[in-house]
Amino acid sequence: MRPPRVTGYEFVTVPPPHAPDSSPTLRWDALSARWCLLAAHRRDTPRDMTSRPDTLRDASHCPFCPGHEREADPATEERLDADGRWVARAVTNRFPMMASGVDRGAVLHNGVFRERAAVGAHEVIIETTAHDTDLSDLSADALAVVLDLHRARHRALAARPDAAAVLLFKNRGPRSGASLRHPHSQVLTCPVVPPVVRRRDAVAARHFRREGSSLVQWLADAELADGSRVIASDAHFVALCPWASARSHETWIVPRAPIGHFGATPDALLGPFAAMLQQTLRKVRRVSADADYNLLLRQPARARWEEPWAHWFMEIQVRRGGDAGFELSGGMSCTVFSPEESAALMRSADVL
Ligand SMILES: [Zn+2]
């Protein structure tokens, strides 16, 4: 591949060569004992976002806008309005991180070079027909419809026998890793338990053996008792900036009582969760000057959903730039706002 051309202070990356027609695979990193995903075909993922505003493309190219449905894969599930038009829809990802088919769990060994097929399902949830908006701009009722679709696709994908973990996340803005501007999120299955999930599950299981409680609930209850990092709470959820935040303005929305996985969220909690998520996202955007963000569902591996300590929560990570040398060297984060400051700012943020 040719090196990037330098124009002024901007690097303009030469388009990569057309990706080889190869299926995603997982390669074993023997040094850190974890799987890494290789998905070369995703080089061809369509992009309308870069860090340079002058290169933004308009909605006429967007495969997620109404009228462009043929440019995306067929819907797996939709939510319709009274006139039969879709308001939110799930489609298979045209550039999936996981290959189609059935996982047989076979690991190829060639000395230190272990590899296995990355097989699973990967869907995109198109959250609204409006191209140039944010999830938090939706009404709480419209947001509840989106969350209901999230839950439905989570349940459908979790039924795959090869789903070791179900991931649900949203990338908003180029610094979050988003490639398309139209509001959307993603749900996918993974045939192995990702390293962050495995580590968190081990810590939560150890806490339960020692204390007999859900670690997530123990933390949320401690934050509620302290109060200085709580943004808002009601009978069902608490929104807070955690004591040890990885990034400035990190925010969690935690169910007050344990729910093992997102698919088990009862109907009665979708409305309250939508209201809390809408208000919290608006506050995060306000105090971060509308910075890019990731929305991440935190939940155990598929095999641990019935454990008494299993307890999902939603995490918002504000993204101002990529991880720098300090973070990459040690895997340790550095924040410049304390969570107490962030929570105080969000409590006083005047959002509708
Ligand atoms: Zn669009």
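All values reported here derive from a predicted model rather than from experimental measurement. (Residues numbered from 1 in each chain as written. Predicted model: local features only at pLDDT ≥ 70, side-chain atom pairs only at ≥ 80, totals over all residues. Heavy atoms only, no water.)

Chemist: I would appreciate a short explanation of the overall build of the protein chain in the present structure.
Modeler: Broken down by element type, the protein chain carries six helices and 16 strands. Against the 2.2 N^0.38 benchmark of 20 Å for 352 residues, the protein chain shows a C-alpha radius of gyration of 21 Å, consistent with a compact globule. Of the accessible surface of the protein chain, which amounts to about 17,900 Å², a share of 55% is contributed by carbon and sulfur atoms. Each charge sign in the protein chain was given a centre, from 44 positive and 42 negative side chains, and these centres are 5 Å apart. (Helix = DSSP H or I, 4+ residues; strand = E, 2+ residues; numbered from the N terminus. Rg over C-alpha atoms; globule rule 2.2 N^0.38 Å. Areas by Shrake-Rupley, 256 points an atom, 1.4 Å probe, with all protein chains shown as cover. Lys, Arg positive; Asp, Glu negative; His and termini not counted. Charge placed at Lys NZ, Arg CZ, Asp CG, Glu CD.)

Chemist: How do you make sense of the nonpolar core when you look at a structure like this?
Modeler: Burial of nonpolar side chains together is a common tendency in soluble globular proteins. Leu 135, Leu 147, Phe 262, Phe 273, Leu 277 and Trp 312 are the most contacted members of the largest nonpolar core, which totals 44 residues. Among the secondary structure elements, those contributing two or more residues to this core are strand 6 (86-92), helix 1 (140-158), strand 10 (165-172), strand 13 (237-240), helix 4 (267-287), strand 15 (292-298), strand 16 (313-319) and helix 6 (339-348). Of all the elements, helix 4 adds the most residues to this core, at nine residues. Residue contributions to this core reach at least three from each of two domains, namely domain 1 (22-41 + 58-195) and domain 2 (202-348). Ignoring anything within four residues of it in the chain, the contact list for Leu 135 reads Glu 127, Leu 143, Val 146, Lys 170, Leu 281, Tyr 293 and Leu 295. If you look at the next biggest cluster of nonpolar residues, it comprises nine residues, including Trp 35, Met 98, Ala 118 and Leu 188. (Core = buried A, V, L, I, M, F, W, Y, C linked by side-chain atoms within 4.5 Å. Buried < 20%, exposed > 50% of the residue type's maximum accessible area, 1.4 Å probe, protein only. Domains from an automatic or database assignment. Contact = heavy atoms within 4.5 Å.)

Chemist: Explain the coordination of the zinc ion here, please?
Modeler: Ideal geometry at a metal centre: 109.5 degrees between donors when four sit tetrahedrally, and 90 or 180 degrees when six sit octahedrally. With distances of 2.1 to 2.3 Å, the protein atoms coordinating the zinc ion are Cys 62 (SG), Cys 65 (SG), His 131 (ND1) and His 182 (ND1). One can describe the site at the zinc ion as tetrahedral: its four donor atoms subtend angles covering 102 to 120° at the metal. With a relative accessible area of 11%, His 131 lands in the buried category. (Donors = N, O, S within 2.8 Å, 3.2 Å for Na, K, Ca; no water. Tetrahedral: all angles 85-135°; square planar, octahedral: opposite > 155°, others 65-115°.)

Chemist: Mind showing me how you'd approach empty space enclosed by the protein here?
Modeler: Empty pockets left among the atoms are what a rolling probe the size of a water molecule brings to light. The final tally for this structure, using the stated rule, is one cavity of 30 Å³ or more. Considered as a void within the structure, the largest cavity measures approximately 60 Å³ in volume. The element best represented in the lining of the largest cavity is strand 10, accounting for three residues. Taken together, the residues of the lining of the largest cavity sort by class into seven nonpolar, two polar and two charged. Residues from two domains meet in the lining of the largest cavity; each of domain 1 (22-41 + 58-195) and domain 2 (202-348) gives at least three. (1 Å grid on protein atoms, 1.4 Å probe; cavity = no way out; pocket = protein on both sides within 12 Å on 5 of 7 lines; lining within 4 Å. Points joined across faces, edges and corners; volume = space filled by probe spheres on them. Nonpolar A, V, L, I, M, F, W, Y, C, P; charged D, E, K, R; others polar.)

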